[in-house]
Amino acid sequence: MGYVPALCFLNLGLLISSTACLYLGSILINIYLLPSLDLLTSNFATVPYLILAIGGLLLVCSIIGIIAAVVKSRVALIIYAVLLGAVFTLQLASIFTSMELRNDMERRVIFQTGNGNVHNELKRYWDDETVRTKWDTLQRDFQCCGAFNMRTGFQDWSRLGNYQQDGQQRGVPNSCCLDEEDGGCGNTEEIYSDPLAYEKINIHGCMAIMKNRLLRDIAPVLLTYIACAVVLALITILAMVLSAAYVAAITRRSNQERDGMGMYQAPAGHNAGTSRYEDTTLSRPYPDTLDSGININGSLRSIRTNRSNYQDGSLHGTPIIKGDNHRASLYIEPSNEAGTVI
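Residues numbered from 1 in each chain as written. Predicted model: local features only at pLDDT ≥ 70, side-chain atom pairs only at ≥ 80, totals over all residues. Heavy atoms only, no water.

A separate point is a nonpolar patch on the surface. On the surface, Ile63, Ile67, Val70 and Val71 cluster together into a nonpolar patch covering about 370 Å² of accessible area. Within the secondary structure, Ile67 sits in helix H2 (residues 43-71). (Patch = residues over 30% accessible without salt bridge, like charges linked within 9 Å, V, L, I, M, F, W, Y side chains within 5 Å. Areas by Shrake-Rupley, 256 points an atom, 1.4 Å probe, with all protein chains shown as cover. Salt bridge = Lys/Arg side-chain N within 4 Å of Asp/Glu carboxyl O. Helix = DSSP H or I, 4+ residues; strand = E, 2+ residues; numbered from the N terminus.)

Now the structure itself:
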């Protein structure tokens, strides 16, 4: 399998994974309202936002990767590899924070150590619009009232010391009412001593309800996400390595094409359409002397050497004789290369 099919296949998997991450992150934020529990631990807000960021970056990276592989753009592949490196860093962060959050939920430590932070935030409910919106959303969506404890969670509002301007103690917010259209169902302090309060308002604390839902729904989801995130991180590394290798292959191919497929370039002065052996126009300062190049007759010897040997006729088919009966071991004959003597 070549680089283009492999990268397209991997990016298709990353594209599918990105949609899954975006879907999971939106569920954790909009349905389970995990960022609202950041006062217990910051991981409740960090994990879903990291998953959303990973999904968004993977969506962009997969599209860039497919386009870069098809058009064979070296710049686009480099950008793609850099983005994958950022995604891999976020994946590692999300894996470790998800593991930490899951361990905290199973040990149920965060629901015991965060009581002070929750009560301090409830005290600001009547004065802080942001806190009011946050707790109204929690109490409506989870059908709860107050913070901790089952059946008596609404009593947390009586322990805050919130009083109206006339000195009377406030009741529970309207978001605690079973029928919120019936305004003022628990605005007075009599709701705290009413034995039939459960017929008017939600009586369970929000943290008590969310603790059960988190252990039932979110803990298994986080375990599945951690396993999938490890596999996804490995795929991300593989795609990053393949993209880097593809950039190197494109660079090597372009260098070979520029250098004539790895051969030396023809010397300056050669005519077009001729090889470097057919036409040699290199200037020689001593044309009639021995050199290491190729002369016009195709011999390794110079013109002067060949001409001088033939003018005196001493080497024209004559063996070298030493004495009467001894013949020399060297016998020089003319070759077929324009009378070149070897």
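Moving on, there is more to tell.
So, on to the environment of Trp135. By secondary structure assignment, the location of Trp135 is in helix H6 (residues 129-141). On the basis of relative accessibility, which here comes to 0%, the residue Trp135 falls in the buried class. In sequence terms Trp135 and Ser175 are 40 residues apart; their C-alpha atoms lie 8.4 Å from each other. Setting aside residues no more than four positions away along its own chain, Trp135 makes contact with Val118, Glu121, Leu122, Tyr125, Gly146, Ala147, Ser175, Cys206 and Met207. Of the polar contacts made by the side chain of Trp135, one reaches the side chain of Glu121; its length is 2.9 Å. (Buried < 20%, exposed > 50% of the residue type's maximum accessible area, 1.4 Å probe, protein only. Contact = heavy atoms within 4.5 Å. Polar contact = N/O pair within 3.5 Å; in protein donor to acceptor, adjacent residues only side chain to side chain.)

Glancing now at the packing of aromatic side chains. Enumeration over the complete set of coordinates arrives at 4 aromatic pairs. Both rings, one in Tyr3 and one in Tyr246, keep their centres 5.2 Å apart while their planes meet at 20°; by these two values the pair is stacked. Pair noted here: Tyr3 is in helix H1 (residues 3-30) and Tyr246 is in helix H7 (residues 206-258), with a separation of 243 residues, a long-range link. When the centroid spacing of 5.0 Å and the interplanar angle of 65° are considered together, the rings of Tyr125 and Trp157 count as edge-to-face. One end of the pair, Tyr125, is in the loop between helix H5 (115-123) and H6; the other, Trp157, is in the loop between H6 and H7, and 32 residues separate them in sequence. With respect to class, Tyr125 is no different from Trp157; both count as buried. Grouped by ring-pair contacts, the aromatic residues Tyr125, Trp126 and Trp157 constitute a single cluster. One cation-aromatic arrangement involves Arg132 over Tyr125; the distance from NZ or CZ to the ring centre is 5.9 Å. (Phe/Tyr/Trp six-rings, centres within 6.5 Å; stacked < 30°, edge-to-face > 60°. Lys NZ or Arg CZ within 6 Å of the ring centre and 35° of its normal.)

So, about H1. Taking 1.5 Å as the rise per residue, H1 with 28 residues should run 40 Å; its terminal C-alpha atoms sit 40 Å apart, in good agreement. Considered for burial, the residues of H1 that qualify are Ala6, Leu7, Leu10, Asn11, Leu14, Ser18, Cys21, Leu24, Gly25, Ile27, Leu28 and Ile29. Each element contacted by the buried residues of H1 is listed here: H2, helix H3 (74-107) and H7. (Expected span 1.5 Å × (residues − 1).)

The biggest cluster of nonpolar side chains holds 71 residues, and the ones touching the most others in it are Phe44, Met105, Val118, Trp135, Trp157, Val172 and Ile201. Counting only elements with at least two residues in this core, the list comes to H1, H2, H3, helix H4 (110-113), H5, H6 and H7. For this core, the element with the most residues is H7, which contributes 17 residues. Setting aside anything within four residues of it in sequence, one finds Ile201 in contact with Phe154, Val172, Cys176, Cys177, Leu178, Cys185 and Ile191. (Core = buried A, V, L, I, M, F, W, Y, C linked by side-chain atoms within 4.5 Å.)

A separate point is the environment of Ile191. In this structure, Ile191 sits in the loop between H6 and H7. C-alpha of Ile191 to C-alpha of Ile201: the two residues are 10 residues apart in sequence and 8.9 Å apart in space. Once you skip the residues sitting within four places of it in the chain, Ile191 turns out to touch Phe154, Gly171, Val172, Cys185, Gly186, Ala197, Lys200 and Ile201.

This part takes up unusual backbone geometry. In this structure, Leu33 takes a positive phi of about 55° despite not being glycine. Its place among the elements puts Leu33 in the loop between H1 and H2. What makes Leu33 buried here is its relative accessible area of 9%. For Asn149, which is not glycine, the phi dihedral falls at a positive 75°. Tracing the chain through its elements places Asn149 in the loop between H6 and H7.

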